[in-house]
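# Structural characterization, general
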Amino acid sequence: MSERGLLIVLSGPSGVGKGTVRKEIFSDENTNLQYSISMTTRSPREGEIDGVDYFFKSRSEFEKLIEENKLLEWAEYVGNYYGTPIEYVEETLQSGKDVMLEIEVQGALKVRNAFPEGLFIFLAPPSLSELKNRIQTRGTETEELINNRMTVAKEEIEMMDAYDYVVENDKVELACERIKAIVVAEHCRRERVAPRYKKMLEVDERC
Ligand code: 5GP
(Lines give C-alpha, C1' and ligand atoms only; values in the text may rest on other atoms or scores of the structure.)
Protein backbone atom coordinates (compact mmCIF):
# COMPACT_ATOMS: atom_id res chain seq x y z
CA MET A 1 0.00 0.00 0.00
CA SER A 2 1.37 3.45 -0.88
CA GLU A 3 2.15 5.97 1.84
CA ARG A 4 -0.72 8.30 2.68
CA GLY A 5 -0.55 11.72 1.05
CA LEU A 6 -0.13 14.96 2.94
CA LEU A 7 -3.05 17.21 3.76
CA ILE A 8 -1.84 20.77 3.19
CA VAL A 9 -3.96 23.61 4.49
CA LEU A 10 -3.25 27.05 3.07
CA SER A 11 -5.00 29.70 5.10
CA GLY A 12 -4.66 33.26 6.34
CA PRO A 13 -6.58 36.50 6.76
CA SER A 14 -9.06 37.86 4.26
CA GLY A 15 -7.34 39.91 1.57
CA VAL A 16 -3.90 38.35 2.00
CA GLY A 17 -3.98 36.74 -1.45
CA LYS A 18 -4.63 33.06 -0.67
CA GLY A 19 -6.60 32.54 -3.89
CA THR A 20 -3.93 34.17 -6.07
CA VAL A 21 -1.12 32.15 -4.47
CA ARG A 22 -3.09 28.92 -4.73
CA LYS A 23 -3.89 29.53 -8.43
CA GLU A 24 -0.22 30.28 -9.13
CA ILE A 25 0.86 27.03 -7.43
CA PHE A 26 -1.61 25.01 -9.49
CA SER A 27 -0.70 26.76 -12.74
CA ASP A 28 2.66 24.95 -12.50
CA GLU A 29 2.15 21.71 -14.38
CA ASN A 30 4.93 20.03 -12.39
CA THR A 31 2.88 20.46 -9.24
CA ASN A 32 2.10 17.11 -7.74
CA LEU A 33 -0.64 18.46 -5.51
CA GLN A 34 -4.36 17.89 -5.92
CA TYR A 35 -6.68 20.79 -5.21
CA SER A 36 -9.78 20.10 -3.16
CA ILE A 37 -12.60 22.07 -4.80
CA SER A 38 -14.79 23.61 -2.11
CA MET A 39 -18.56 23.91 -1.96
CA THR A 40 -20.11 27.32 -1.53
CA THR A 41 -23.51 28.99 -1.46
CA ARG A 42 -22.19 32.25 -2.91
CA SER A 43 -23.07 33.06 -6.51
CA PRO A 44 -20.47 32.38 -9.19
CA ARG A 45 -18.38 35.42 -10.18
CA GLU A 46 -17.84 36.20 -13.82
CA GLY A 47 -15.76 33.45 -15.43
CA GLU A 48 -16.12 30.99 -12.55
CA ILE A 49 -17.15 27.47 -13.52
CA ASP A 50 -19.15 25.02 -11.41
CA GLY A 51 -16.95 22.04 -10.55
CA VAL A 52 -13.74 23.93 -11.37
CA ASP A 53 -13.65 26.96 -9.09
CA TYR A 54 -16.28 25.75 -6.64
CA PHE A 55 -19.25 23.42 -6.47
CA PHE A 56 -22.02 26.01 -6.27
CA LYS A 57 -24.89 24.91 -4.00
CA SER A 58 -28.12 26.32 -2.63
CA ARG A 59 -28.35 26.93 1.12
CA SER A 60 -30.66 23.95 1.58
CA GLU A 61 -28.35 21.65 -0.40
CA PHE A 62 -25.42 22.83 1.71
CA GLU A 63 -27.30 22.37 4.98
CA LYS A 64 -28.15 18.81 3.91
CA LEU A 65 -24.42 18.12 3.34
CA ILE A 66 -23.68 19.42 6.86
CA GLU A 67 -26.39 17.18 8.33
CA GLU A 68 -25.10 14.14 6.46
CA ASN A 69 -21.52 14.75 7.68
CA LYS A 70 -20.26 15.05 4.12
CA LEU A 71 -17.97 17.99 4.93
CA LEU A 72 -14.56 17.85 6.55
CA GLU A 73 -15.12 21.43 7.73
CA TRP A 74 -17.39 24.31 6.88
CA ALA A 75 -17.69 27.95 7.85
CA GLU A 76 -20.03 30.86 7.24
CA TYR A 77 -18.11 33.73 5.71
CA VAL A 78 -19.67 37.09 4.77
CA GLY A 79 -23.14 35.55 4.71
CA ASN A 80 -22.30 32.47 2.66
CA TYR A 81 -21.39 28.90 3.49
CA TYR A 82 -18.05 27.44 2.39
CA GLY A 83 -16.99 23.85 3.01
CA THR A 84 -14.62 21.03 2.07
CA PRO A 85 -16.12 17.76 0.75
CA ILE A 86 -14.67 15.01 2.92
CA GLU A 87 -14.86 12.12 0.45
CA TYR A 88 -12.48 13.60 -2.14
CA VAL A 89 -9.93 14.50 0.54
CA GLU A 90 -10.02 11.04 2.14
CA GLU A 91 -9.82 9.13 -1.14
CA THR A 92 -6.98 11.26 -2.51
CA LEU A 93 -4.89 11.01 0.66
CA GLN A 94 -5.52 7.27 0.74
CA SER A 95 -4.22 6.94 -2.83
CA GLY A 96 -0.93 8.51 -1.70
CA LYS A 97 -1.42 11.95 -3.26
CA ASP A 98 -1.11 15.28 -1.47
CA VAL A 99 -4.21 17.46 -1.21
CA MET A 100 -4.23 21.21 -0.76
CA LEU A 101 -7.13 23.14 0.77
CA GLU A 102 -7.32 26.91 0.48
CA ILE A 103 -9.68 28.00 3.23
CA GLU A 104 -10.31 30.78 5.73
CA VAL A 105 -9.03 30.63 9.31
CA GLN A 106 -12.10 29.25 11.17
CA GLY A 107 -12.26 26.30 8.77
CA ALA A 108 -8.51 25.69 9.09
CA LEU A 109 -8.83 25.46 12.88
CA LYS A 110 -11.57 22.84 12.49
CA VAL A 111 -9.36 20.81 10.13
CA ARG A 112 -6.53 21.05 12.68
CA ASN A 113 -8.76 19.27 15.20
CA ALA A 114 -9.80 16.55 12.75
CA PHE A 115 -6.37 16.13 11.07
CA PRO A 116 -3.63 17.17 13.52
CA GLU A 117 -1.09 15.42 11.24
CA GLY A 118 -1.85 17.91 8.42
CA LEU A 119 0.53 20.61 7.28
CA PHE A 120 -0.82 24.03 8.23
CA ILE A 121 0.57 27.04 6.39
CA PHE A 122 -0.42 30.57 7.34
CA LEU A 123 -0.12 33.12 4.57
CA ALA A 124 0.69 36.47 6.19
CA PRO A 125 0.63 40.02 4.80
CA PRO A 126 3.90 41.97 4.80
CA SER A 127 2.20 44.56 7.05
CA LEU A 128 -1.24 45.66 8.26
CA SER A 129 -1.14 48.76 6.07
CA GLU A 130 -0.41 46.60 3.02
CA LEU A 131 -3.32 44.31 3.95
CA LYS A 132 -5.67 47.30 4.22
CA ASN A 133 -4.38 48.51 0.90
CA ARG A 134 -5.15 45.12 -0.73
CA ILE A 135 -8.67 45.01 0.75
CA GLN A 136 -9.30 48.59 -0.44
CA THR A 137 -8.07 47.93 -3.96
CA ARG A 138 -10.66 45.18 -4.43
CA GLY A 139 -12.85 48.26 -4.66
CA THR A 140 -16.09 46.49 -3.79
CA GLU A 141 -16.48 47.56 -0.19
CA THR A 142 -17.55 50.57 1.85
CA GLU A 143 -15.24 52.16 4.44
CA GLU A 144 -17.25 50.52 7.23
CA LEU A 145 -16.95 47.06 5.67
CA ILE A 146 -13.22 47.58 5.11
CA ASN A 147 -12.78 48.44 8.80
CA ASN A 148 -14.80 45.34 9.80
CA ARG A 149 -12.61 43.19 7.59
CA MET A 150 -9.50 44.71 9.15
CA THR A 151 -10.80 43.92 12.67
CA VAL A 152 -11.45 40.31 11.62
CA ALA A 153 -8.06 40.13 9.86
CA LYS A 154 -6.25 41.25 13.04
CA GLU A 155 -8.05 38.54 15.04
CA GLU A 156 -7.13 36.03 12.35
CA ILE A 157 -3.44 37.02 12.48
CA GLU A 158 -3.52 36.21 16.20
CA MET A 159 -4.53 32.63 15.24
CA MET A 160 -1.11 32.16 13.63
CA ASP A 161 -0.06 30.07 16.64
CA ALA A 162 -2.24 27.19 15.45
CA TYR A 163 -0.11 26.79 12.28
CA ASP A 164 3.15 25.00 11.50
CA TYR A 165 4.58 27.55 9.07
CA VAL A 166 4.14 31.23 8.30
CA VAL A 167 4.77 32.40 4.73
CA GLU A 168 4.88 36.10 3.99
CA ASN A 169 3.05 37.03 0.81
CA ASP A 170 5.30 39.91 -0.18
CA LYS A 171 5.52 38.68 -3.78
CA VAL A 172 3.29 35.91 -5.16
CA GLU A 173 6.16 34.01 -6.87
CA LEU A 174 8.27 34.11 -3.70
CA ALA A 175 5.38 32.95 -1.52
CA CYS A 176 4.75 30.02 -3.93
CA GLU A 177 8.42 29.01 -3.88
CA ARG A 178 8.39 29.02 -0.07
CA ILE A 179 5.25 26.89 0.05
CA LYS A 180 6.65 24.35 -2.43
CA ALA A 181 9.88 24.16 -0.41
CA ILE A 182 7.91 23.51 2.78
CA VAL A 183 6.02 20.65 1.09
CA VAL A 184 9.29 19.08 -0.12
CA ALA A 185 10.82 19.39 3.35
CA GLU A 186 7.73 17.89 4.94
CA HIS A 187 8.07 14.80 2.76
CA CYS A 188 11.65 14.37 4.04
CA ARG A 189 10.63 14.43 7.70
CA ARG A 190 12.22 11.54 9.54
CA GLU A 191 8.88 10.40 10.98
CA ARG A 192 7.48 10.00 7.45
CA VAL A 193 10.55 8.37 5.89
CA ALA A 194 11.90 6.14 8.68
CA PRO A 195 9.13 3.48 8.62
CA ARG A 196 9.91 2.75 4.95
CA TYR A 197 13.60 2.17 5.77
CA LYS A 198 12.75 0.05 8.80
CA LYS A 199 10.61 -2.16 6.55
CA MET A 200 13.43 -2.33 4.00
CA LEU A 201 15.86 -3.52 6.66
CA GLU A 202 13.46 -6.24 7.80
CA VAL A 203 12.64 -7.53 4.32
CA ASP A 204 15.96 -7.40 2.50
CA GLU A 205 18.44 -9.30 4.59
CA ARG A 206 20.63 -10.22 1.58
CA CYS A 207 22.37 -6.81 1.46
P1 5GP B 1 -14.22 33.78 -2.12
O2 5GP B 1 -15.68 34.00 -1.96
O3 5GP B 1 -13.44 35.07 -2.24
O4 5GP B 1 -13.89 32.79 -3.21
O5 5GP B 1 -13.71 33.09 -0.77
C6 5GP B 1 -13.94 33.68 0.47
C7 5GP B 1 -13.11 32.97 1.54
O8 5GP B 1 -13.58 31.64 1.71
C9 5GP B 1 -11.62 32.87 1.21
O10 5GP B 1 -10.89 33.24 2.38
C11 5GP B 1 -11.41 31.41 0.91
O12 5GP B 1 -10.11 30.97 1.27
C13 5GP B 1 -12.45 30.79 1.82
N14 5GP B 1 -12.86 29.44 1.43
C15 5GP B 1 -12.92 28.91 0.19
N16 5GP B 1 -13.31 27.63 0.24
C17 5GP B 1 -13.47 27.33 1.56
C18 5GP B 1 -13.86 26.13 2.27
O19 5GP B 1 -14.11 25.07 1.73
N20 5GP B 1 -13.93 26.24 3.63
C21 5GP B 1 -13.65 27.38 4.31
N22 5GP B 1 -13.72 27.34 5.63
N23 5GP B 1 -13.28 28.51 3.68
C24 5GP B 1 -13.19 28.49 2.31
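Thresholds, definitions, all that
Residues numbered from 1 in each chain as written. Predicted model: local features only at pLDDT ≥ 70, side-chain atom pairs only at ≥ 80, totals over all residues. Heavy atoms only, no water. UniProt positions renumbered as here; feature names shortened; annotations may be inferred. Helix = DSSP H or I, 4+ residues; strand = E, 2+ residues; numbered from the N terminus. Buried < 20%, exposed > 50% of the residue type's maximum accessible area, 1.4 Å probe, protein only. Contact = heavy atoms within 4.5 Å. Areas by Shrake-Rupley, 256 points an atom, 1.4 Å probe, with all protein chains shown as cover. Salt bridge = Lys/Arg side-chain N within 4 Å of Asp/Glu carboxyl O. Polar contact = N/O pair within 3.5 Å; in protein donor to acceptor, adjacent residues only side chain to side chain.

An unreviewed UniProt entry lists the chain under the name Guanylate kinase, with Bacillus salitolerans given as the organism. Quoted verbatim from the Function (unreviewed entry) heading of the UniProt record, the comment on the chain is "Essential for recycling GMP and indirectly, cGMP." The record held by UniProt for the chain lists under Catalytic activity (unreviewed entry) the comment "GMP + ATP = GDP + ADP".

So, on to the overall build of the chain. Counting secondary structure elements, the chain contains 8 helices and 9 strands. Overall, the chain is about 70 × 40 × 30 Å in size when its C-alpha atoms are taken along their principal axes. Buried residues in the chain amount to 42% of all 207 residues. Long-range pairs, those at least 24 residues apart, make up 65% of the contacts in the chain between residues at least 6 apart in sequence. About 12100 Å² of surface is accessible on the chain, with carbon and sulfur atoms providing 51% of the total.

This model, assessed by the stated rule, comprises 14 salt bridges. Here R189 ties to E186 by a salt bridge, and the two come within 2.9 Å at their closest N and O atoms. When its relative accessible area of 10% is taken as the criterion, E186 is described as buried. Through salt bridges with shared partners, one network takes in E186, R189, R190 and E191.

The subject of this paragraph is the UniProt feature "binding site: ATP" (unreviewed entry) in the chain. When the UniProt feature table is mapped onto this chain, "binding site: ATP" (unreviewed entry) is found at G12, P13, S14, G15, V16, G17, K18 and G19. With respect to the element layout, S14 can be found in the loop between β1 (7-11) and α1 (18-27). Excluding its chain neighbours within four sequence positions, the residues that come into contact with S14 are Y77, L131, I135, R138, R149 and E156. Structurally, K18 can be placed in helix α1. A relative accessible area of 10% places K18 in the buried class. What K18 contacts, discounting residues up to four positions off in sequence, is L10, S11, G12, P13, E102, I103, E104 and L123. There is a polar contact of 2.9 Å between the side chain of K18 and the backbone oxygen of G12.

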